[in-house]
Amino acid sequence: MPVALAVDIGGTKVDAALVDAEGRIVAGSRHRAPTGAGQTPETFALAIATVCERATDAAGPAHRLVGVGVGTAGPLLGDGTHVSPLNMPGIRDLPLVPAVERFAHGAPVVVALDGTCIALAEARFGALRGVRNGIAMVVSTGIGGGLLVDGRVIRGDSGNAGHVGQAWVRRPSADDPVAATVEAVASGPATVRWANAHGWVGVDGLALAADYRAGHPVAVRAVRRSADSVGQAIASFAALLDVTTVAIGGGFSRVADDYLPLVEAAAHRTAVLPAAREVRVVPAELGDDAPLVGAALLAFTD
């Protein structure tokens, strides 16, 4: 059975697993190691190598490795194979291929943004099946995504297409343009901080979700503010790319049962073009498996 070694590099952890062409993770092959802000190039490379070695140890005589796919938080640099994670100040322009190529045994190694991988997975096996133009979004600790345009997930010249979290939803200031992005306004931590600044005393998204269900007025305002901002961004994306469907996953997208309907309503309400008022906002289907499944698809399709 052909399998790919899939690697998913995030801001707080790195996962690796063997995945077959149908998106199934080989039993016993999924492994995780922590990363985080204190990483150096050496410790980061060691974490990646550790999970890759454990994952490949699960391969049996019935498995044939076709390649390695690496999905990573961005931005990508250089030729699209180097990474400088924003939350790891000790790592800049790190080449990812050398960190995994000894596990490829001569097979190809392909690198892409994690949002690109999620879009690949949702387009092949999940909520974007049959969709020609759509977006996969993650609303969690950060906001990211991938773009499906004319039936193809696009990567862009530098590999950085799909950084949907960096779209502006507020008027940017010259000294801090990042604060105007949808990620800075609507992500889980940003929403909790806003709620705290307005008198709510909880500590995380789980507490915010509970108080939203209980009708706490600040929690309700905070969640709706997040949903409104994500919907506003989607209205812009729909006008720019003429997408019909946005699949949203990530932990904070489940902060309220009506979060996605609120996002869709905001997208329709703020849309300028008629077609953008028809965009559908649907739940992503593959959950936490999407980044690894999409990373594997890099190896199967490149």
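Remember, predicted model here, so these are calculated numbers, not experimental data.

Parameters and conventions
- In every chain, residue numbers begin from 1 and rise along the written sequence.
- pLDDT decides what is reported in this predicted model: residues at 70 or higher carry local features, side-chain atom pairs at 80 or more are listed and counted, and totals for whole chains, interfaces and linings draw on all residues regardless.
- Values reported for side chains reflect all heavy atoms of the structure, with hydrogen atoms and water molecules removed beforehand.
- Where each domain starts and ends comes from a domain assignment, either automatic or drawn from a database.
- Here, a salt bridge means any side-chain nitrogen of Lys or Arg that lies within 4 Å of a carboxyl oxygen of Asp or Glu.
- Polar contacts, as used here, are pairs of N or O atoms within 3.5 Å; protein pairs need one atom able to donate a hydrogen and one able to accept it. Residues neighboring in sequence count only if both atoms are side-chain atoms.
- Starting at the N terminus, helices and strands are each numbered in turn, a helix being any DSSP run of H or I of at least four residues and a strand any DSSP run of E of at least two.
- Only protein chains enter the calculation, and the probe is 1.4 Å; a residue is then buried if its accessible area is under 20% of its type maximum, exposed if over 50%, and partly exposed in between.
- What makes two residues a contact is simply this: any of their non-hydrogen atoms within 4.5 Å.
- Only the stretch in contact is used when fitting a helix axis, every axis being a line fitted to C-alpha atoms; angles between N-to-C directions are given from 0 to 180 degrees.
- The cut-offs work like this: below 35 degrees is roughly parallel, past 145 is roughly antiparallel, 65 to 115 is roughly perpendicular, and the gaps in between are oblique.
- Should the near helix be turned anticlockwise from the far one by less than a right angle, the crossing is termed left-handed; should it be turned clockwise, right-handed.
- The residue classification treats Ala, Val, Leu, Ile, Met, Phe, Trp, Tyr, Cys and Pro as nonpolar and Asp, Glu, Lys and Arg as charged. All others, Gly included, are polar.
- The disulfide criterion used throughout: a pair of cysteine sulfur atoms within 2.5 Å.
- Pairing between two strands is assigned when DSSP locates at least 2 bridges connecting them.

Points about the domain arrangement of the protein
Link 1 in the chain: Domain assignment breaks the protein into domain 1 (2–117 + 289–300) and domain 2 (127–284).
Link 2 in the chain: Our count for the domain 1 to domain 2 interface comes out at zero salt bridges.
Link 3 in the chain: At the surface where domain 1 touches domain 2, the tally comes to one residue pair in polar contact (both at pLDDT 80 or more).
Link 4 in the chain: Elements supplying a minimum of two residues to the side of domain 1 that touches domain 2: strand S8 (109–113) and helix H3 (114–125).
Link 5 in the chain: Among the elements that take part in the side of domain 1 that touches domain 2, S8 stands out by supplying three residues, more than any other.

Examining the side chain of Ser-84
Link 1 in the chain: Mapping Ser-84 onto the fold places it in the loop between strand S6 (82–83) and strand S7 (94–95).
Link 2 in the chain: Looking at Ser-84, the relative accessible area reads 6%, which means it is buried.
Link 3 in the chain: At 2.6 Å, the side chain of Ser-84 forms a polar contact with the backbone nitrogen of Asp-93.
Link 4 in the chain: If we skip the residues at most four places from it in the chain, Ser-84 touches Gly-74, Pro-75, Leu-77, Ile-91, Arg-92 and Asp-93.

Comments concerning the pattern of salt bridges
Link 1 in the chain: On inspection of all chains with the given rule, the structure shows seven salt bridges.
Link 2 in the chain: Between Asp-289 and Arg-30 there is a salt bridge, with the nearest N and O atoms lying 2.5 Å from each other. With Asp-289 in the loop between strand S13 (280–283) and helix H9 (290–301) and Arg-30 in the loop between strand S2 (13–20) and strand S3 (31–34), the pair connects residues that are 259 residues apart, well separated along the chain.
Link 3 in the chain: A relative accessible area of 31% places Asp-289 in the partly exposed class.
Link 4 in the chain: Residue Arg-30 is classed as partly exposed on the basis of its relative accessible area of 32%.
Link 5 in the chain: Here Glu-285 makes a salt bridge to Arg-129, at a shortest N to O gap of 2.9 Å. In this pair, Glu-285 sits in the loop between S13 and H9 while Arg-129 sits in the loop between H3 and strand S9 (134–139), placing the two residues 156 residues apart along the sequence.
Link 6 in the chain: Since its relative accessible area comes to 47%, Glu-285 is described here as partly exposed.

A short note on the packing of helix H7 (residues 217–241) against helix H8 (residues 259–270)
Link 1 in the chain: Remark: H7 packs on H8, axes separated minimally by 7 Å, with the N-to-C direction vectors making an angle of 50 degrees. The pairing of H7 with H8 is recorded here as oblique in orientation. Regarding H7 and H8, the two cross each other, and that crossing is right-handed. Listed contacts from H8 to Val-223, Arg-224, Ser-226, Ala-227, Asp-228, Val-230, Gly-231, Gln-232, Ile-234 and Ala-235 of H7 are Tyr-259, Leu-262, Val-263, Ala-266, Ala-267, Arg-269 and Thr-270.
Link 2 in the chain: Looking at the contact of H7 with H8 residue by residue, the classes come out as 10 nonpolar, four polar and three charged.

Some thoughts on the state of the cysteines
Link 1 in the chain: Scanning all chains against the criterion turns up zero disulfides.
Link 2 in the chain: For Cys-52, which is in no disulfide, the shortest distance to another cysteine sulfur is to Cys-117 and amounts to 14 Å.
Link 3 in the chain: The class for Cys-117 is buried, based on a relative accessible area of 0%.

Section: the pairing of strand S4 (residues 64–72)
Link 1 in the chain: Counting buried residues along S4, seven of its nine residues qualify, which places the element largely inside the surrounding structure.
Link 2 in the chain: Summarising the sheet, strand S1 (residues 2–9) and S4 pair through eight bridges and their orientation is parallel. Directly across from Ala-4, in S4, lies its bridge partner Gly-67.
Link 3 in the chain: Pairing of S4 with S8, which is carried by five bridges, proceeds in the parallel orientation. Bridge assignment links Val-70 to a residue of S8, and that residue is Val-111.

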